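Spelled out from the first residue to the last, the chains are:
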Amino acid sequence: MTSNAATAPAAPKAKRDRTHYLYIAVIIAVALGIAVGLIAPDFATELKPLGTGFVNLIKMMISPIIFCTIVLGIGSVRKAAKVGAVGGIALVYFLVMSLVALAIGLIVGNILDPGTGLAVTDAVKETGQAQVDAEAKGTVDFLMGIIPTTIVSAFTSGEVLQTLLIALLCGFALQAMGNAGQPVLRGIEHIQRLVFRVLAMIMWAAPVGAFGAIAAVTGSAGVDALKSLAVLMLGFYVTCVLFLFLVLGTLLRVVAGVNVFSLFKYLGREFLLILSTSSSESALPRLIAKMEHLGVSKPVVGITVPTGYSFNLDGTMIYMTMASLFIADAMGTPMSIGEQIPLLLFLLVASKGAAGVSGAGLATLAGGLQSHKPALVDGIGLIVGIDRFMSEARALTNFGGNAVATVLIGTWTKEIDKDRVNEVLAGRAPFDEKTLLDDHHGADDDAGDASDLPEQGGEKELARA
């Protein structure tokens, strides 16, 4: 008894230490990547596959995690109208916040006026025109693309919204099945455990991915590009910080009573992961797990987070606003307010068609300008050099916006446990980095429950017979 008591607390302590070492390694890898990028830029650019490979490993897990989360969330809700209410509130909120982000970018862009005085060479024009050939889709193609070719292809195409559609249909079907659907739900719950455990294993490759990604970005951009475009970069970063902490922070405090600094501290490892990979998708599975751990219900998390990754792109909105004004000024054709607003509203719609495309910010900007004001496309070459650095701020802002949105929508729909939120943010209910799931009753209890249910159901059927 004494030995058991002595060894019981040792396991979680060792587990926490290992995950701390992992993220310390990520920070060291980022510093080494920057150093290699500055010292040996040619060699550094060849390391890009390391970062790309890690991000692809994470993306590989996104579809099954979204599917399991949504099906379990909806399947356990008795009233389908509640799920519809969550989706409706989420879409309205996403639209409003996108407009707010565009307005803030518009104001700051007009105040800074950073593009004046830059020269646009023929090489810059060719680079800008090349971006128009990117894979950004039109709105109609985007909407039709939500429907997968088959149920299975939704998991293999990498389209988040296709997975979301299939998961919603399966969730509502299981909900309509009632008790008959419980064995299926229990099976999906075990698959979710497996998927999150695989994700936890993949995370140990994060330092290698971070090193490769940062080294390649630093090596390809170079110091000269950063110096000449520092005003735009700094202005963009400051605008994103103000939006996250002033606009979203105030909204979060007023609506949910949650401190934005505490929430972002809780998501610190996810922010570090995004900073090192320049991809908000790399943290999507962990955001789902952490928001559920925080106390937001499964249906709200399952619908808000995946949808937000396509429709709630606050950082991308700010980026497109400031980049459009920067390019217009650099081309010597500054836009009046009457010209700016229609262009930005067009980009608001166009950005939804590029969701999930690699380098979506630059591709969307190029496609939007080509459709609305073709003369400005030549100027896109001016920001290609620093786009990867700005994409980090875009990704961080998009991620922070979706985290805040999940808490807000959970509060509005009364699908959040406020006591649980306080416990988690105070550090009294730590997140399980090993499983990325909450085991309220322990693994053994859950295993017992899983085996007990079918046996009880079988005994009832035998009794009826």
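Just so it is clear, the structure is predicted and the values come from calculations on it, not from any experiment. (Residues numbered from 1 in each chain as written. Predicted model: local features only at pLDDT ≥ 70, side-chain atom pairs only at ≥ 80, totals over all residues. Heavy atoms only, no water.)

**Some points on the overall build of the protein**
Helices and strands together make up the secondary structure of the protein, namely 22 helices and zero strands. Excluding contacts between residues fewer than 6 apart, the proportion of contacts in the protein whose partners are at least 24 apart in sequence is 84%. Accessible surface computed for the protein: about 20800 Å², of which carbon and sulfur atoms make up 65%. (Helix = DSSP H or I, 4+ residues; strand = E, 2+ residues; numbered from the N terminus. Contact = heavy atoms within 4.5 Å. Areas by Shrake-Rupley, 256 points an atom, 1.4 Å probe, with all protein chains shown as cover.)

**Overview of the nonpolar core**
Here is a general trend for soluble globular proteins: nonpolar side chains tend to be buried in one another's company. Within the largest apolar cluster, 115 residues are counted, with the highest numbers of intra-cluster contacts made by Leu 252, Leu 263, Leu 267, Met 291, Leu 365 and Val 407. Of the residues forming this core, the biggest block, twelve residues, is contributed by helix 4 (residues 48-75). The residues touching Leu 252, leaving out its near neighbours within four places in the chain, are Gly 257, Val 258, Asn 259, Val 260, Leu 263, Val 404, Val 407 and Leu 408. (Core = buried A, V, L, I, M, F, W, Y, C linked by side-chain atoms within 4.5 Å. Buried < 20%, exposed > 50% of the residue type's maximum accessible area, 1.4 Å probe, protein only.)

**Quick notes on unusual backbone geometry**
If you check the backbone angles, Lys 414 has positive phi at about 60° while not being a glycine. Position of Lys 414 relative to the elements: it lies in the loop between helix 20 (387-412) and helix 21 (418-425).

**A word on the UniProt feature "transmembrane region" (unreviewed entry) in the protein**
In the UniProt entry, the feature "transmembrane region" (unreviewed entry) is given for residues 21-40, 60-77, 89-112, 151-174, 194-217 and 229-255. Between the end C-alpha atoms of residues 21-40 the distance is 27 Å, and the span holds 95% helix and 0% strand. End C-alpha to end C-alpha, residues 89-112 measures 35 Å, and it is 100% helix and 0% strand. (UniProt positions renumbered as here; feature names shortened; annotations may be inferred.)

**A closer look at the environment of Ala 29**
By the secondary structure assignment, Ala 29 is in helix 2 (residues 10-39). For Ala 29, a relative accessible area of 7% corresponds to the buried category. Between the C-alpha atom of Ala 29 and that of Pro 207, which follows or precedes it by 178 residues, the distance is 5.5 Å. Residues in contact with Ala 29, not counting those within four places in the same chain, are Pro 207, Ala 210 and Phe 211.

**Considering the pattern of salt bridges**
For the structure shown, the criterion picks out six salt bridges. Across the pair Arg 193 and Glu 189 runs a salt bridge whose closest N-O atoms are separated by 3.6 Å. You can see Arg 193 and its partner Glu 189 sitting in helix 10 (residues 182-202), four residues apart, about one turn around the helix. You can call Glu 189 partly exposed: its relative accessible area is 26%. Between Arg 286 and Glu 270 there is a salt bridge; the shortest N-O distance is 2.5 Å. With a gap of 16 residues between them, Arg 286 in helix 15 (residues 284-294) and Glu 270 in helix 14 (residues 268-277) connect regions that are remote in the sequence. (Salt bridge = Lys/Arg side-chain N within 4 Å of Asp/Glu carboxyl O.)

**Side note on a nonpolar patch on the surface**
Where nonpolar side chains cluster on the molecular surface, the patch consists of Leu 95, Leu 99, Ile 337, Ile 341 and Leu 345 and spans about 430 Å² of accessible area. At the level of elements, helix 5 (80-112) and helix 18 (337-353) are the ones that each hand at least two residues to the nonpolar patch. Looking at the nonpolar patch, the element that brings in the most residues is helix 18, giving three residues. Inspection of the secondary structure puts Ile 341 in helix 18. (Patch = residues over 30% accessible without salt bridge, like charges linked within 9 Å, V, L, I, M, F, W, Y side chains within 5 Å.)

**Re the packing of aromatic side chains**
Scanning the model with the defined rule gives eight aromatic pairs in all. Taken together, a centroid distance of 5.0 Å and an interplanar angle of 25° make the contact between Phe 245 and Phe 261 stacked. Here Phe 261 lies in helix 13 (residues 260-266) and Phe 245 lies in helix 12 (residues 230-256), a separation of 16 residues in the sequence. Under the relative-accessibility criterion, Phe 245 is labelled partly exposed at 29%. Look at Phe 271 and Phe 399: their rings are 5.2 Å apart centre to centre, the planes differ by 80°, and that puts the pair in the edge-to-face class. Of this pair, Phe 271 sits in helix 14 while Phe 399 sits in helix 20; the two residues are 128 residues apart in sequence, bridging distant segments of the chain. Here a set of aromatic residues connected by ring pairs shows up, and it is made of Phe 245, Phe 261, Phe 264, Phe 271 and Phe 399. Cation over ring: Arg 394 sits above Tyr 319, and NZ or CZ is 4.2 Å from the ring centre. (Phe/Tyr/Trp six-rings, centres within 6.5 Å; stacked < 30°, edge-to-face > 60°. Lys NZ or Arg CZ within 6 Å of the ring centre and 35° of its normal.)

**Some details on helix 14**
In terms of residue burial, helix 14 counts as a mostly covered element, since eight of its ten residues are buried. Restricting attention to buried positions, one finds in helix 14 the residues Arg 269, Glu 270, Phe 271, Leu 272, Leu 273, Ile 274, Ser 276 and Thr 277.

**As for helix 9 (residues 160-177)**
Relative to the 26 Å expected for 18 residues at 1.5 Å per residue, helix 9 spans 26 Å between its end C-alpha atoms, a close match to the ideal helical length. After helix 9 finishes, the residue Gly 178 shows a positive phi value of roughly 65°. (Expected span 1.5 Å × (residues − 1).)

**Points about the side chain of Asn 402**
Among the secondary structure elements, Asn 402 is positioned in helix 20. For Asn 402, a relative accessible area of 2% corresponds to the buried category. A polar contact of 3.0 Å, which involves the side chain of Asn 402, links it to the backbone oxygen of Asn 398. Asn 402 has contacts with Leu 287, Gly 308, Tyr 309 and Asn 312, leaving out every residue within four places of it along the chain. (Polar contact = N/O pair within 3.5 Å; in protein donor to acceptor, adjacent residues only side chain to side chain.)

**Describing the environment of Leu 347**
Along the polypeptide, Leu 347 turns up in helix 18. Sequence-wise, Leu 347 and Thr 321 are 26 residues apart; in three dimensions their C-alpha atoms are separated by 8.6 Å.

**A closer look at the environment of Gly 235**
With respect to the helices, strands and loops of the structure, Gly 235 is situated in helix 12. According to the relative accessible area criterion, Gly 235 is buried, its value standing at 10%. In the structure, Gly 235 is positioned 130 residues away from Gly 105 in sequence and 9.6 Å away in space, judged by C-alpha atoms.

**Here we look at the packing of helix 4 against helix 10**
Where helix 4 contacts helix 10, the axes come no closer than 9 Å and their chain directions differ by 155°. Compared by their axis directions, helix 4 and helix 10 come out roughly antiparallel. Of the two elements, helix 4 crosses helix 10, and the hand of that crossing is left-handed. Of the residues belonging to the contact of helix 4 with helix 10, the class tally is 19 nonpolar, three polar and one charged. (Axes fitted to C-alpha atoms, helices over the stretch in contact; angles between N-to-C directions. Parallel < 35°, antiparallel > 145°, perpendicular 65-115°, else oblique. Left-handed = near helix turned anticlockwise from the far one by under 90°. Nonpolar A, V, L, I, M, F, W, Y, C, P; charged D, E, K, R; others polar.)

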